[in-house]
Structure formats: C-alpha cells, structure tokens
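Fold and geometry: a report
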Amino acid sequence: MMTTLFVLTALAAAGLFTELLAASHAPLGYQDETGFHFGPEFSQGQSFDLENPS
C-alpha cells in the first residue's frame, strides 16, 4: 500500500517537473490559420524586412 503511494507520488512529481520544464522552454505566441503570431514583446511595430539590405 505504501509502495503504491510512493510510486504514484514519484510519478506525479516527475510529471510536474516535466511540465514546468516544458512550459519554461515554450515559444511565445500562437499559431492559427494565418500563421504564427509572436507575443507582445515582438509587437514593436518594426519590420525586420527593412533591416535586410539584400
């Protein structure tokens, strides 16, 4: 009984750790039918096409 409890607790802790690790490395923004939209830190109104001289 206690072994089962310890195994389930360890699995829950490993799942929580994995979820926190994945959430910290997730990209900012979302994707829909029209493409990928960056988060608010990228909405400065600047176009990166103007910076490329080629």
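Reading the values: the criteria
- Residues numbered from 1 in each chain as written.
- Predicted model: local features only at pLDDT ≥ 70, side-chain atom pairs only at ≥ 80, totals over all residues.
- Heavy atoms only, no water.
- Helix = DSSP H or I, 4+ residues; strand = E, 2+ residues; numbered from the N terminus.
- Buried < 20%, exposed > 50% of the residue type's maximum accessible area, 1.4 Å probe, protein only.
- Patch = residues over 30% accessible without salt bridge, like charges linked within 9 Å, V, L, I, M, F, W, Y side chains within 5 Å.
- Areas by Shrake-Rupley, 256 points an atom, 1.4 Å probe, with all protein chains shown as cover.
- Salt bridge = Lys/Arg side-chain N within 4 Å of Asp/Glu carboxyl O.
- pLDDT = per-residue confidence, 0-100.

**Brief notes about the overall build of the chain**
Looking only at helices and strands, the chain has one helix and two strands in total. Walking the chain from its N terminus toward its C terminus, one meets helices and strands in the order α-β-β. When burial is assessed residue by residue, the chain has 2% of its 54 residues classed as buried.

**Thoughts on a nonpolar patch on the surface**
A surface patch of nonpolar side chains, about 330 Å² in accessible area, is lined by M2, L5 and F6. Among the structural elements, L5 can be located in helix α1 (residues 2-24).

**Side note on the confidence of the model for the chain**
Per-residue confidence for the chain averages 79 on the pLDDT scale, and 70% of its residues sit at or above 70. Considering each helix and strand of the chain separately, the mean pLDDT is smallest for strand β2 (residues 35-37), with a value of 75, and largest for α1, with 95.

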